[in-house]
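Now for the letters of each chain:
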Amino acid sequence: MHKQAEKTVRDIKSLKIQGARNVATAALKALIVFIEEGRAETKKEFLEEFRKTVETLSRSRPTEPMMRNLLQEAAAFAEESKEESLAAFRNTLKRHEEKMLKQIEKDKQKLVQYGARLIPNNALVLTHCHSSTATGILIKAKKMKKRFRVVAFETRPRYQGRKTAKELAGAGIDVTLAVDGSMSLFMKKADIVLVGADSITSRGDLINKIGTSTLAHIAKMYDVSFYVAAELSKYSPKTIFGTREKIEERDFKEVWKTPPKNVKIRNPAFEATSAKYINGYVTELGVIPPPSFFSMATKKLGIRLYE
Ligand code: RUB
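Residues numbered from 1 in each chain as written. Predicted model: local features only at pLDDT ≥ 70, side-chain atom pairs only at ≥ 80, totals over all residues. Heavy atoms only, no water.

### Thoughts on the site of the ligand
Next up, step 1: Residues in contact with the ligand amount to 18 residues; listed here are only the nearest, Gln18, Ser131, Ser132, Thr133 and Lys234.
Next up, step 2: Note that an oxygen atom of the ligand is positioned 2.8 Å from one of the side-chain N or O atoms of Gln160.
Next up, step 3: Taking Lys209, its side chain carries an N or O atom lying 2.7 Å from an oxygen atom of the ligand.
Next up, step 4: Look at the ligand: alone it shows 460 Å² of surface, and the protein chains cover 100% of it.
Next up, step 5: A molecule is said to occupy a pocket when more than half its atoms come within 2 Å of that pocket's grid points, and by this definition the ligand occupies the largest cavity.
Next up, step 6: Those elements giving two or more residues to the shell around the ligand turn out to be α2 (20-37), α6 (132-143) and β6 (206-209). (Near = heavy atom within 4 Å. Polar contact = N/O pair within 3.5 Å; in protein donor to acceptor, adjacent residues only side chain to side chain. Areas by Shrake-Rupley, 256 points an atom, 1.4 Å probe, with all protein chains shown as cover. 1 Å grid on protein atoms, 1.4 Å probe; cavity = no way out; pocket = protein on both sides within 12 Å on 5 of 7 lines; lining within 4 Å. Sits in = over half its atoms within 2 Å of the grid points. Helix = DSSP H or I, 4+ residues; strand = E, 2+ residues; numbered from the N terminus.)

This is the structure we're talking about:
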């Protein structure tokens, strides 16, 4: 496999590249480098390598349908392309993948606009982990001159909350980093919760960083609105026939490098939050209720259900 694709797989696995959107765009960019530099000499050879690269990138993290959906779209386009010469084929694919990247950026800008409108003035906003989509919304709200404070939770064991806090502080937002165990404490004063998404199921359930459902349940208890920033491409087609998205379980050493004998350690990276705890998904087409996510996403992704 091309060395850029290998490096991207390593960086995704080690969380150097984290967050669904960053993972998906990094995978597409690695594919573009492969298209430009891959050593194949015939179209057949190239296609074989292309398929392997798509497959290996897709498997780099199990709970990332946005990456899988985008890579599959790129693969379907390649399989259908009629270009005869390898040079023309590479060019067409590269242009297509670059167009996809531009579209992802455009979608984010739209989503961020819709989300920023949701942030109330003088609000206390709670967020968890690091979602580039959620921070994008908060930064946009700040640019709209809204005044609000954010509490970002640490997100042990990998502390993605620090990344969120740093990014928001850099944008001039009043932000506090708090330990995960203080979720209930801060919820009592909160006005809105905003988190990102890794995967959305056909039922409209959310799969996101471990700790998200705790936040959602407590939000319900205190009647605080719970919103999720999620591009429609985060829909998981695997769930059409009831299959649940696989939840990634990470290395126990992230939690405790040398635990005493007989201590079991669990380190699930994500968890599901039922649709009933979610007020709305902030998407590129507007803020929608969870049951609508399925039909809008399948339409956008071109998934035909009744054939
Ligand atoms: C990141 C995480 C984020 C989503 C959405 O987990 O759970 O909320 O991926 O991110 P990890 P984005 O750090 O384990 O990847 O909005 O950037 O797609």
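On we go.
### Focus on the nonpolar core
Next up, step 1: Within the largest apolar cluster, 32 residues are counted, with the highest numbers of intra-cluster contacts made by Leu31, Phe46 and Phe50.
Next up, step 2: Contributing elements (two or more residues each) for this core: α1 (3-13), α2, α3 (43-58), α4 (65-80) and α5 (86-118).
Next up, step 3: Among the elements that line this core, the one with the most residues is α2, at ten residues.
Next up, step 4: Leaving out residues up to four positions away in the same chain, Phe46 has contacts with Phe34, Ile35, Ala40, Leu86, Phe89, Arg90 and Leu93. (Core = buried A, V, L, I, M, F, W, Y, C linked by side-chain atoms within 4.5 Å. Buried < 20%, exposed > 50% of the residue type's maximum accessible area, 1.4 Å probe, protein only. Contact = heavy atoms within 4.5 Å.)

### Brief notes about α6
Next up, step 1: Helix length check: α6, at twelve residues, gives a terminal C-alpha distance of 16 Å against a target of 16 Å (1.5 Å per residue), a fit within 8%.
Next up, step 2: Taking burial as the measure, the twelve residues of α6 include nine buried ones, the bulk of the element.
Next up, step 3: Taken together, the buried positions of α6 are occupied by Ser132, Thr133, Ala134, Thr135, Gly136, Ile137, Leu138, Ile139 and Ala141.
Next up, step 4: Of the residues trailing α6, Lys145 is marked for its positive phi of about 70 degrees. (Expected span 1.5 Å × (residues − 1).)

### Section: the sheet that holds strand β3 (residues 174-178)
Next up, step 1: What the seven strands build is an open sheet, ordered β3-β2-β1-β4-β7-β9-β10; its pairing is mixed. In this open sheet, the two strands that pair with only one neighbour each are β3 and β10 (286-288). Neighbour-to-neighbour, the strand axes of this sheet turn through a mean angle of 25 degrees, independent of strand direction.
Next up, step 2: Where strand β4 (residues 192-195) meets strand β7 (residues 225-229), four bridges bridge the pair, whose relative direction is parallel. Residue pairing in the sheet places Val193 in a bridge with Phe226 of β7. (Pairing = 2+ DSSP bridges. Axes fitted to C-alpha atoms, helices over the stretch in contact; angles between N-to-C directions.)

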